[in-house]
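Architecture and fold: a report
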Amino acid sequence: MSILDRLPPSYREKFNKVLILIGALIIIYAVLWIGAELKVIPVIIFAIFPQIVLLCIGIFIVYMAYTNKKKYY
């Protein structure tokens, strides 16, 4: 029995979306890191990655609030 089986169905969907967001950010970070190490992309792109992460998290929060608003109205 996994941890997702113990959660209520409404939390499972949100937890799954959070895990997808975290996984996507890790993949993007790894690709940028490899590109910066191989000198394929400028280091400046790798340096501004934390701001890109904050932007993605902000978009995710707005998306979650918007989908929940539609559910209750």
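That block above? That's the structure.
Rules of the game
Residues numbered from 1 in each chain as written. Predicted model: local features only at pLDDT ≥ 70, side-chain atom pairs only at ≥ 80, totals over all residues. Heavy atoms only, no water. Patch = residues over 30% accessible without salt bridge, like charges linked within 9 Å, V, L, I, M, F, W, Y side chains within 5 Å. Areas by Shrake-Rupley, 256 points an atom, 1.4 Å probe, with all protein chains shown as cover. Salt bridge = Lys/Arg side-chain N within 4 Å of Asp/Glu carboxyl O. Helix = DSSP H or I, 4+ residues; strand = E, 2+ residues; numbered from the N terminus. Buried < 20%, exposed > 50% of the residue type's maximum accessible area, 1.4 Å probe, protein only. Expected span 1.5 Å × (residues − 1). Core = buried A, V, L, I, M, F, W, Y, C linked by side-chain atoms within 4.5 Å.

1. Observations concerning a nonpolar patch on the surface
Where nonpolar side chains cluster on the molecular surface, the patch consists of F15, V18, L19, I22 and I26 and spans about 410 Å² of accessible area. Residue placement: L19 occurs in helix 2 (residues 9–37). When its relative accessible area of 42% is taken as the criterion, L19 is described as partly exposed.

2. Some words on helix 2
Structurally, the α-helix is built with 3.6 residues per turn, so residues lying three or four positions apart point the same way. Taking 1.5 Å as the rise per residue, helix 2 with 29 residues should run 42 Å; its terminal C-alpha atoms sit 42 Å apart, in good agreement. Listing the buried residues of helix 2 in full gives L21, L25, L32, G35 and A36.

3. Looking at the nonpolar core
Counting residues in each nonpolar core, the largest one holds seven residues, listed as L21, L25, L32, F49, V53, F60 and M64. Among the elements of the structure, helix 2 and helix 4 (49–72) are those that each provide at least two residues to this core. The dominant element in this core, judged by the number of residues it contributes, is helix 4, at four residues.

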